[in-house]
Amino acid sequence: MSRRKLREHLFKMVFIYAFTLEKDMDRQLALYLDGIEMLSEEDREYLLGRYQKVHDKIPDIDRLLNETARGWKTNRFGSCDLAILRVACFELLYDDNIPEGVAINEAIELAKEYGGDDSPSFINGILGEIVKKA
C-alpha cells in the first residue's frame, strides 16, 4: 500500500478516536482495519503501531496546537481538521523520515478531500506556524 494511502487510513483511525471511548478503541480499530480490502499483515501492523505512536503524543500535540492557534483551542477545531493536524504534527515533530514539505502537503491534500472549504488554508496556516517555531 502506498504511503499516501497508509497516511489516509491513519488519519481515519485518529478521527475515530474523537468519537470513541478509550476502552472501545481496540475494538473500533480492529473493525476499521478488517474493513480495508487487501490489507497486508505488514500494513496492518504498521498502521496499528503508527496509530499508537500518534495516540501517545496527542497531549503534547494538542498543547502545541493550542499554543499555535491564536484564539482557537483544539476543542473548537473541526474533528476532521484536528485529526489531520494530529497526524501532520506527529510527522513534523517525531518522524525524521518525512520531510516537512511532504507532511504539510499531504495534510493539505487530506483537508481538501475530507475537510470543509476553509480546512486547507486553516491547516496550512497552523502547520506553517509550527514549522516556524521548530
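Here, every reference points to the structure presented above.
A brief look at the structure comes next. (Residues numbered from 1 in each chain as written. Predicted model: local features only at pLDDT ≥ 70, side-chain atom pairs only at ≥ 80, totals over all residues. Heavy atoms only, no water.)

### Description of helix α1 (residues 3–17)
Put simply, the rule reads: Under the DSSP-based scheme used, a helix requires at least four consecutive residues in state H or I and a strand at least two consecutive residues in state E, with every element numbered from the N terminus. The span you would expect from a helix comes to 1.5 Å times its residue count less one. Per-residue accessibility, obtained with a 1.4 Å probe over protein chains only, is compared with the maximum for each type, and a residue is labelled buried under 20%, exposed over 50%, and partly exposed between these values. Every residue pair with non-hydrogen atoms within 4.5 Å of one another is taken to be in contact.
End to end, α1 covers 21 Å across 15 residues, agreeing with the expected 21 Å (1.5 Å per residue, within 8%). Of all the positions in α1, only Leu6, Arg7, Glu8, His9, Leu10, Phe11, Met13, Val14 and Ile16 are classed as buried. Turning to α1, the residues buried within the fold contact α2 (25–34), α3 (41–68), α4 (79–94) and α5 (100–114).

### Observations regarding the packing of α4 against α5
What counts here: The convention used is that axes are lines fitted to C-alpha atoms, helices contributing only their stretch in contact, and that angles between N-to-C directions extend from 0 to 180 degrees. When describing relative orientation, an angle under 35 degrees is termed roughly parallel and one over 145 degrees roughly antiparallel, while 65 to 115 degrees is termed roughly perpendicular and anything else oblique. When the near helix sits turned anticlockwise from the far one by under a right angle, the crossing is termed left-handed; a clockwise turn instead gives a right-handed crossing. Throughout this entry, Asp, Glu, Lys and Arg are counted as charged residues, while Ala, Val, Leu, Ile, Met, Phe, Trp, Tyr, Cys and Pro are counted as nonpolar. The remaining residues, Gly among them, count as polar.
The contact between α4 and α5 brings their axes to 9 Å, and the two run at 170°. Taken together, the axes of α4 and α5 lie roughly antiparallel to each other. For α4 against α5, the interelement crossing comes out right-handed. Residues Cys80, Ile84, Ala88, Glu91 and Leu92 of α4 form the contact with α5, whose participating residues are Glu100, Ala103, Ile104, Ala107, Leu110, Ala111 and Tyr114. When grouped by side-chain class, the residues that make up the contact of α4 with α5 number 10 nonpolar, no polar and 2 charged.

### Looking at unusual backbone geometry
Positive phi, normally seen in glycine, also occurs at methionine 38, with a value near 60°. Here methionine 38 is to be found in the loop between α2 and α3.

### Points about the packing of α3 against α4
Interhelical geometry of α3 versus α4 gives an angle of 95° and a closest axis separation of 9 Å. For the element pair α3 / α4, the angle class is roughly perpendicular. Residue-level inspection shows Arg50, Lys53, Val54, Lys57, Ile58, Asp60, Ile61, Asp62, Leu64 and Leu65 of α3 in contact with α4, the latter providing Leu82, Leu85, Arg86, Cys89, Phe90, Glu91, Leu93 and Tyr94. Split by residue class, the contact of α3 with α4 holds 11 nonpolar, no polar and 7 charged.

### Comments concerning the pattern of salt bridges
Here is the rule we go by: Salt bridge, as used here: a side-chain nitrogen of Lys or Arg that lies within 4 Å of a carboxyl oxygen of Asp or Glu.
Summed over the entire model, instances satisfying the criterion amount to 13 salt bridges. Residues lysine 12 and glutamate 8 are paired through a salt bridge, measuring 3.6 Å at the closest nitrogen-oxygen approach. Of the two residues, lysine 12 and glutamate 8 both sit in helix α1, 4 residues apart, roughly one turn of that helix. Residue lysine 12 is classed as partly exposed on the basis of its relative accessible area, which comes to 24%. Among the residues examined, glutamate 8 registers a relative accessible area of 9% and is labelled buried. Residue arginine 44 is joined to aspartate 34 by a salt bridge in which the shortest nitrogen-to-oxygen separation is 3.2 Å. With arginine 44 in helix α3 and aspartate 34 in helix α2, this residue pair connects regions lying 10 residues apart in the sequence. Several salt bridges share partner residues, and in doing so they unite Arg4, Arg7, Glu91 and Glu106 into one network.

### Overview of α2
The criterion, for reference: In this description, one arc is meant: the one made by directions from the helix axis to the C-beta atoms.
The complete set of buried residues in α2 reads Met25, Leu29, Tyr32 and Leu33. Down the axis of α2, the buried set is contained in an arc of 95°. They therefore lie on one face. Exposed side chains of α2 directed beyond 90 degrees from the buried face belong to Arg27 and Asp34.

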